[in-house]
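# Architecture at a glance
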Amino acid sequence: MTTTLDELARTGVIAVLRAPSAQSALEAVEALVAGGVTGVEVTYSTPGAPAVIAELGRRHGDAIVLGAGTITTPQQAEQAAAAGARFLVSPGTSPGVVAAMKATGLVTMSGVLTPSEVMTAVELGVDVCKLFPASLGGPAFLKALRGPFPDVVMMPTGGVSPDNVSEWVAAGALAVGAGSDLVPPAALASGDLAVVRERAAAFAAAWREVGRG
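Residues numbered from 1 in each chain as written. Predicted model: local features only at pLDDT ≥ 70, side-chain atom pairs only at ≥ 80, totals over all residues. Heavy atoms only, no water.

## So, the packing of helix 2 (residues 22-35) against helix 3 (residues 49-60)
Packed helices, taken two at a time, are described by the angle between their axes plus the distance between the axes. Two elements in contact, helix 2 and helix 3, have axes separated by 10 Å at closest approach and are oriented at 35°. The hand of the helix 2/helix 3 crossing is right-handed. Each of Ala22, Ala25, Leu26, Val29, Glu30 and Val33 in helix 2 lies in contact with helix 3, whose residues at this interface are Val52, Glu55, Leu56, Arg59 and His60. Here the contact of helix 2 with helix 3 is composed, by residue class, of seven nonpolar, one polar and three charged. (Axes fitted to C-alpha atoms, helices over the stretch in contact; angles between N-to-C directions. Helix = DSSP H or I, 4+ residues; strand = E, 2+ residues; numbered from the N terminus. Left-handed = near helix turned anticlockwise from the far one by under 90°. Contact = heavy atoms within 4.5 Å. Nonpolar A, V, L, I, M, F, W, Y, C, P; charged D, E, K, R; others polar.)

Structure, rendered in structure tokens:
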């Protein structure tokens, strides 16, 4: 049986979507899918995030792996689950928030940066440690963390580009999260969906090149 975690590993590239409006978020996802990126994390910094998640579920169903991000309260975790998210992501590791995310039964990811935070996240039972902001240490830092934590599933977010996807995979990433490099804020603000589609195609091609797509 294929699990959500399996699907995230197959999809590989997770678009971290911070849109200025619900409509721009919906339009951006259409461009992402057209470019070949089917992993989508709608952040709670997007206005009306639960409604956006629900609408994307109606439009795309299982054709995309849909999650909610920037979850900072238990209430947001519950809302996102009710809206149809399949995975939940918090930027940090808060016991109360992680407990609420886990209570939904969905794949749970929490943000980590230090070895101590990884240990805390593992103790709390998260499914994936989200290395964030991964740009601070790059693939070499992820590889170093994998030394003492070889069995911990990790996904970097921040500092990921089509040019270094292979480095992140070689360092041990399950998948990669990409925000502004994949969905540039300027493109969202101007409605230039062609840019989003082109960036998505570049990321999808990079994932295929490492033999994981």
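## Points about helix 2
Taking 1.5 Å as the rise per residue, helix 2 with 14 residues should run 20 Å; its terminal C-alpha atoms sit 20 Å apart, in good agreement. Turning to helix 2, its buried residues number three or more, namely Ser24, Ala25, Leu26, Ala28, Val29, Ala31, Leu32 and Gly35. Along its buried surface, helix 2 packs onto strand 1 (13-17), strand 2 (39-43), helix 3, helix 9 (185-190) and helix 10 (193-209). (Expected span 1.5 Å × (residues − 1). Buried < 20%, exposed > 50% of the residue type's maximum accessible area, 1.4 Å probe, protein only.)

## Some details on the pattern of salt bridges
For the structure shown, the criterion picks out five salt bridges. In this structure, Glu7 and Arg10 form a salt bridge, with 4.0 Å as the shortest nitrogen-oxygen distance. With Glu7 and Arg10 both in helix 1 (residues 4-11) and three residues apart, this pair spans about one turn of that helix. The partner of Arg58 in a salt bridge is Glu55, and the shortest N-O contact between them spans 2.9 Å. Taken together, the residues span about one helical turn, with Arg58 and Glu55 both in helix 3 at a distance of three residues. Among the charged side chains, a salt-bridge network with shared partners connects Glu30, Glu55, Arg58 and Arg59. (Salt bridge = Lys/Arg side-chain N within 4 Å of Asp/Glu carboxyl O.)

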